[in-house]
Amino acid sequence: MTEQKPVTETTAKAVPALPDAQTVTDVKHYTDRLFSFRCTRPASLRFRSGEFVMIGLMGDPHPETGKQKPLLRAYSIASPAWDEEMEFYSIKVPDGPLTSKLQHIKVGDEIILRPKPVGTLVHDALLPGKRLWFFATGTGFAPFASLLREPQTYEDYDEVIITHTCREVGELTYGRDLIESLKEDELLNELIGEGFWKKIKYYPTTTREESPKMGRITDLMKSGEAFADLGVAPLNPETDRAMICGNLAFNLELKEMFEDYGLEEGANSKPAHYVVEKAFLD
């Protein structure tokens, strides 16, 4: 006769861990609409700077069955490929199925991270060039936060121009702070070369709140004002390469402008002059 062990609450009902769980290590809120967070990185995860993964949380229990399903969305990885942790930049949507929950995460919480990175905003999808443009709206800055800290960006190009269009000044904080931090980043200055950040030209604009530069980047390019401010010629397929990550209307307008400049859209399988991240909609 075998010994009967007393049934305890612990042995009777173990709490299941999240599938593909990673632990939150840092959270920063920038405005009532924007925040960033960092989490642990799966040991086996390999990705190219600029790619995205599916992340999320468990949804609310079903009212009848009590079962929960994961709520997952595509998020660009804001950290570079060499970083030991993962960084993400997110919008807060009050009634959003995922972000209404995600915006409340704290250090020590767990999130779901599916370790299958994909995406078009990678160096492999572009032909060699002299100048690289990053065009972002809102949280579309995230993949460029990764690429701005990627050594290959500065090995491949003589100049890097990043435009960031937001509605309000506070929404530019994440990008501005990141670019400023590059100057003091001892690791990157040693890895890439002292003063590598001098290759960057940062061009932030706002559309609602007053700032030093007002207007949509597409309008500023059409008028020629953006190129005059930056001291560069309009995009040319011989020298310029570009990446776009913004809302749908922004993406389509820029694509049309690029075609007029003579640039062709590229892909991992067929590198060309510019690429667009279709998974992101700000």
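Values in this document were obtained by computation on a predicted structure and should not be read as measured data.

Digging into the sheet that holds strand β9 (residues 200–206)
- In spatial order, the strands read β9-β8-β7-β10-β11; together these five strands make up an open sheet with parallel pairing. Looking at which strands have only one partner, the edges of the open sheet turn out to be β9 and β11 (274–276). Along the sheet, successive strands turn relative to each other by an average axial angle of 10°, direction set aside.
- Sheet analysis places strand β7 (residues 131–137) next to strand β8 (residues 159–166), joined by seven bridges and oriented parallel. Counterpart to Leu 132 in the pairing with β8 is Val 160.
- In the packing of helix α9 (residues 248–261) onto the sheet, contacts are made with β7, β10 (240–245) and β11, and the angle to β10 comes to roughly 165°.

Some words on the side chain of Lys 92
- Along the polypeptide, Lys 92 turns up in the loop between β5 (85–91) and α2 (99–102).
- Despite being buried, Lys 92 has no salt bridge partner; Asp 32 is the closest side chain of opposite charge, sitting 6.8 Å away.
- Within the structure, Lys 92 has its side chain in polar contact with the side chain of His 29 (distance 2.9 Å).
- Look past the residues within four positions of Lys 92 in its chain and what remains in contact with it is His 29, Thr 31, Asp 32, Arg 33, Leu 34, Phe 35, Thr 99 and Gln 103.

Comments concerning the confidence of the model for the protein chain
- Residues with a pLDDT of 70 or more make up 93% of the protein chain, whose mean pLDDT is 91.
- Counting interchain partners and residues more than four positions distant, the pLDDT-below-50 stretch residues 1–16 has one contact.

Observations concerning the environment of Glu 171
- Mapped onto the secondary structure, Glu 171 falls in the loop between β8 and α5 (173–184).
- Note: C-alpha distance between Glu 171 and Thr 139 (32 residues apart in sequence) is 8.6 Å.
- Residue contacts for Glu 171: discarding those within four places in its chain leaves Thr 31, Arg 33, Leu 34, Tyr 89, His 164 and Cys 166.
- For Glu 171, the side chain forms a polar contact with the side chain of Arg 33, separated by 2.8 Å.

Digging into the side chain of Glu 87
- The residue Glu 87 is located in strand β5 in this model.
- On the basis of relative accessible area, Glu 87 is assigned to the buried category, the value being 8%.
- Here the side chain of Glu 87 touches Arg 149 through a polar contact of 3.4 Å, side chain to side chain.
- In this view, Glu 87 contacts Phe 37, Arg 38, Ser 76, Ile 77, Ala 78, Ser 79, Arg 149 and Tyr 174; residues no more than four positions away in its chain are not counted.

Observations concerning the packing of aromatic side chains
- For the structure on display, the rule yields 14 aromatic pairs.
- Both rings, one in Tyr 30 and one in Tyr 174, keep their centres 5.6 Å apart while their planes meet at 75°; by these two values the pair is edge-to-face. Residue Tyr 30 is located in the loop between β1 (21–29) and β2 (34–40), and its partner Tyr 174 is located in helix α5; the two are separated by 144 residues in the primary sequence.
- Look at Tyr 30 and you get partly exposed, because its relative accessible area is 24%.
- Aromatic side chains Phe 135 and Phe 258 sit 5.6 Å apart centroid to centroid with 55° between the ring planes, which places their arrangement in the tilted category. One end of the pair, Phe 135, is in strand β7; the other, Phe 258, is in helix α9, and 123 residues separate them in sequence.
- In this structure Phe 258 comes out as buried when scored by relative accessible area, which is 0%.
- Joined through ring pairs, the aromatic side chains of Trp 133, Phe 135, Phe 227, Phe 258, Tyr 261 and Tyr 274 make up one cluster.

Topic: the nonpolar core
- Counting residues in hydrophobic clusters, the biggest one holds 31 residues, and the most contacted among them are Phe 134, Phe 141, Phe 144, Leu 148, Ile 162 and Met 243.
- Counting residues in each nonpolar core, the second largest holds 21 residues, with Ile 161, Tyr 203, Leu 254 and Tyr 274 among its members.

Observations concerning a nonpolar patch on the surface
- A cluster of nonpolar residues, Trp 82, Leu 187 and Leu 191, forms a patch on the protein surface that exposes about 290 Å² of accessible area.
- Tracing the backbone through its elements, the reader meets Leu 187 in helix α6 (residues 186–192).
- The exposure class assigned to Leu 187 is partly exposed, which follows from its relative accessible area of 46%.

Considerations on α9
- If you check α9, its first and last C-alpha atoms are 20 Å apart, about what 14 residues at 1.5 Å a residue would give, namely 20 Å.
- Every buried residue of α9 is listed here: Phe 250, Asn 251, Glu 253, Leu 254, Met 257 and Phe 258. Down the axis of α9, the sector holding all buried residues measures 170°, keeping them to one side. For α9, the exposed residues lying more than 90 degrees away from the buried face are Ala 249, Glu 256 and Asp 260.
- Those residues of α9 that are buried lie in contact with β7, α7 (217–223), β10 and β11.
- Just beyond α9, the residue with positive phi is Gly 262, at close to 95°.

Conventions used here
Chains are numbered independently. Their residues run from 1 in the order of the written sequence. Only residues with pLDDT of at least 70 get local features here, since the model is predicted, and only at 80 or more are side-chain atom pairs given and counted; chain-wide, interface and lining totals rely on the full set of residues. The side-chain quantities take in all heavy atoms of the structure and omit both hydrogens and water. Strand pairing requires that DSSP identify at least two bridges connecting the strands. Only DSSP runs of H or I reaching four residues or more are called helices, and only runs of E reaching two or more are called strands; each is numbered from the N terminus. Inter-axis angles, ranging from 0 to 180 degrees, are taken between N-to-C directions of lines fitted to C-alpha atoms, where helices are fitted over the stretch in contact. The contact definition used throughout considers only heavy atoms, calling two residues in contact when any of these lie within 4.5 Å. To sort residues, take the accessible area from a 1.4 Å probe on protein chains only and compare it with the maximum for the residue type: under 20% means buried, over 50% means exposed, and anything in between is partly exposed. Just so you know, the count uses Lys and Arg for positive and Asp and Glu for negative, and it drops His and the chain ends. By convention in these notes, a salt bridge is any Lys or Arg side-chain nitrogen within 4 Å of a carboxyl oxygen on Asp or Glu. Nitrogen and oxygen atoms within 3.5 Å of one another constitute a polar contact, given that in protein one can donate a hydrogen and the other can accept it, and given that sequence-neighbouring residues count only through two side-chain atoms. Each residue carries a pLDDT value, the predictor's own confidence for that position, ranging from 0 to 100. Under the pairing criterion, centres of Phe, Tyr and Trp rings, with the six-membered ring standing for Trp, must be within 6.5 Å; the plane angle then separates stacked pairs below 30 degrees from edge-to-face pairs above 60, leaving the rest tilted. Nonpolar core, defined: a set of buried Ala, Val, Leu, Ile, Met, Phe, Trp, Tyr and Cys residues in which side-chain atoms within 4.5 Å join the residues together. Patches here are clusters of residues that have more than 30% relative accessible area and form no salt bridge, with a 9 Å joining cutoff for like charges and a 5 Å cutoff for nonpolar side chains (Val, Leu, Ile, Met, Phe, Trp, Tyr). With residues, only the protein chains shown are counted as cover, and all accessible areas are computed by Shrake-Rupley using a 1.4 Å probe. A helix is expected to span 1.5 Å for every residue after the first. Here, the arc refers to the directions that run from the helix axis to the C-beta atoms.

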